[in-house]
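# A look at the structure
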Amino acid sequence: MDFRAVCCSWCSSTADPRGSPRDPRFLPRQWAMLDEVHQTDARLFVNVATGRFVRRDLPLVRRYFVIAGAAGGSVVLAERGFPHAARLLNPFTGSLLRFEEPAPSHSMVAAHVVGSSPPTLILVSEPDESGGSIAVADPDSESFMEPKGERFIFPATKMALRGGIYAAVHEGGSLRSLLVPAANKILDVASKPIRDCFPGPEALEKNRCFFVESAREMLLVFKMPRRIEVFKFDARSDTLEPVKDLGSRALFVGDCRCLAVDAEKFPSVEANCIYYVDVVEDELLFKIGVYSLKDLIEVWAGEAIDSFNPITLSPEVSPPFTVVQLLCNYTFVPVSELHQSVKISAALSALDPDLVARCMEEFLAYDPESEYD
């Protein structure tokens, strides 16, 4: 892509990323979509390796439902018309990879794009009224594959699934055949530190565990009251090693997504620290916590973003937002637009059609100026 930007001759001599959406060379990597506000077409992206921020205007999203921002920088969309076929947008080239199967309509979804040609789309849904699940599909798949297993009902599921995705991709072979075994293997290896850090089901519900890919390493983060333990998982030897120093890296962990950045590229981010968001119930605020692996202490670093909608935004938080606030907000997954549309359609279909028609007629005939006369 750098060659293509030099001159017209070089551009004509190289593959066109817009016409090659399946080419793995053009997939965005190490980018994260920070703000996923739906009031505008613009989205803010950051390169976690270089610290470069780019705001992209994406008018194409008006024609689709936004499902999620995938790890790496791609955007998962769904057709507005039934059956809501999945689409994968490269925000930097404008290319659109089309999937034959419809996108799952879960409320909150974290997305991953892995593999080479063609890329594989993985959607990990957060638990809702239909339950949580993981769905895997290629562009030519007839439907999303949803691996089942009794072990995937435990609170450590999301950590293991994300670790399983990483391990399966690096082991080679079919992702579909390796995903569940890799996730089960990580659960087996991590079972002892999980028991040590969280003795009992109640402790595991009150505390959290995360998977973070950092500098091509698989890290397991266990957050407990006033203490955080970090381990490095070796997929080849199936062992866990304690990590006491992250070097120049910093971790941003959350229940939905995690992120590792080079703190030297972000002046306001402290190296060898772990950032997270906790709810202060007494004050009804979302606050940013920072834990230093060097000093073994945690401190509060201000309020977190609780909404990109100015109407529902907490008065304690106001734009412009800091880099730390935006990176912490990335760990949350917004509600899928497709899920909202499906729920609204279901609610309307359950109503009396005559009542809906009368209400719509009254709404269209309503004159707001009559209240002021």
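Residues numbered from 1 in each chain as written. Predicted model: local features only at pLDDT ≥ 70, side-chain atom pairs only at ≥ 80, totals over all residues. Heavy atoms only, no water.

The name given to the chain in an unreviewed UniProt entry is KIB1-4 beta-propeller domain-containing protein, with the source organism recorded as Panicum virgatum.

As a further point, take the overall build of the chain. A tally of regular secondary structure across the chain gives 7 helices and 19 strands. Within the chain, contacts between residues at least 6 apart in sequence are counted, and of these 46% link residues at least 24 apart. For the chain, the accessible area works out to roughly 19500 Å², and carbon and sulfur atoms hold 54% of it. (Helix = DSSP H or I, 4+ residues; strand = E, 2+ residues; numbered from the N terminus. Contact = heavy atoms within 4.5 Å. Areas by Shrake-Rupley, 256 points an atom, 1.4 Å probe, with all protein chains shown as cover.)

Taken together, the 7 strands give an open sheet; going across it, the order is β7-β6-β5-β4-β8-β9-β10, and neighbouring strands pair in mixed fashion. Each edge of the sheet is formed by a strand with only one pairing partner; in this case those strands are β7 (96-102) and β10 (133-137). On average, adjacent strands in this sheet sit at an angle of 30° to one another, irrespective of strand direction. In terms of strand pairing, strand β6 (residues 85-89) meets β7 through 4 bridges, oriented antiparallel. Directly across from A85, in β7, lies its bridge partner P102. (Pairing = 2+ DSSP bridges. Axes fitted to C-alpha atoms, helices over the stretch in contact; angles between N-to-C directions.)

An order of β16-β15-β17-β18-β19 is seen for the 5 strands of this open sheet, with the pairing classed as mixed. The open sheet has two edge strands with one neighbour each: β16 (259-262) and β19 (297-303). For this sheet the average axis-to-axis angle between neighbouring strands, irrespective of direction, equals 30°. Sheet topology places strand β15 (residues 249-252) next to strand β17 (residues 273-280); 2 bridges connect them, and they run parallel. Across the sheet, the residue bridging to L251 is I274, located in β17.

Let us now look at the packing of aromatic side chains. One pass over the structure, following the stated rule, counts 5 aromatic pairs. Between the aromatic rings of W31 and F92, the centroid separation amounts to 4.7 Å while the plane-to-plane angle is 45°, which identifies the pairing as tilted. Taken as a pair, W31 in strand β1 (residues 31-35) and F92 in the loop between β6 and β7 lie far apart in primary sequence, 61 residues in all. Given a relative accessible area of 22%, F92 falls into the partly exposed group. (Phe/Tyr/Trp six-rings, centres within 6.5 Å; stacked < 30°, edge-to-face > 60°. Buried < 20%, exposed > 50% of the residue type's maximum accessible area, 1.4 Å probe, protein only.)

Looking now at the pairing of β15. Of the two faces of β15, the one carrying R249 and L251 and the one carrying A250 and F252 are both buried. Pairing of β15 with β16, which is carried by 4 bridges, proceeds in the antiparallel orientation. In the sheet register, L251 faces β16, and the bridge partner there is A260.

Considering the arrangement of structural elements, one finds D41 in the loop between β1 and β2 (42-47). Residue classification places D41 among the buried residues on the basis of a relative accessible area of 14%. For D41, the side chain forms a polar contact with the side chain of R62, separated by 2.4 Å. In this view, D41 contacts R56, D57, L58, P59, V61 and R62; residues no more than four positions away in its chain are not counted. (Polar contact = N/O pair within 3.5 Å; in protein donor to acceptor, adjacent residues only side chain to side chain.)

This part covers the environment of V114. Residue position: V114 is located in strand β8 (residues 109-114). V114 gets classed as buried once you look at its relative accessible area, which sits at 13%. Separated by 51 residues in the primary sequence, V114 and I165 place their C-alpha atoms 8.4 Å from one another.

As a further point, take the side chain of S292. As for its position among the elements, S292 is in strand β18 (residues 285-292). Within the structure, the side chain of S292 is placed 3.3 Å from the backbone nitrogen of K294, a separation counted as a polar contact. Among the polar contacts listed, one links the side chain of S292 to the backbone nitrogen of D295, at a separation of 3.1 Å. With residues up to four places along the chain from it excluded, the contact list for S292 reads N272, C273 and I297.

With that settled, the discussion passes to unusual backbone geometry. P83 follows F82 through a cis peptide bond whose omega is 15°. Among the structural elements, P83 can be located in the loop between β5 (75-79) and β6. Its identity as a non-glycine residue notwithstanding, N272 has a phi of 60°, on the positive side. By the element assignment, N272 lies in the loop between β16 and β17.

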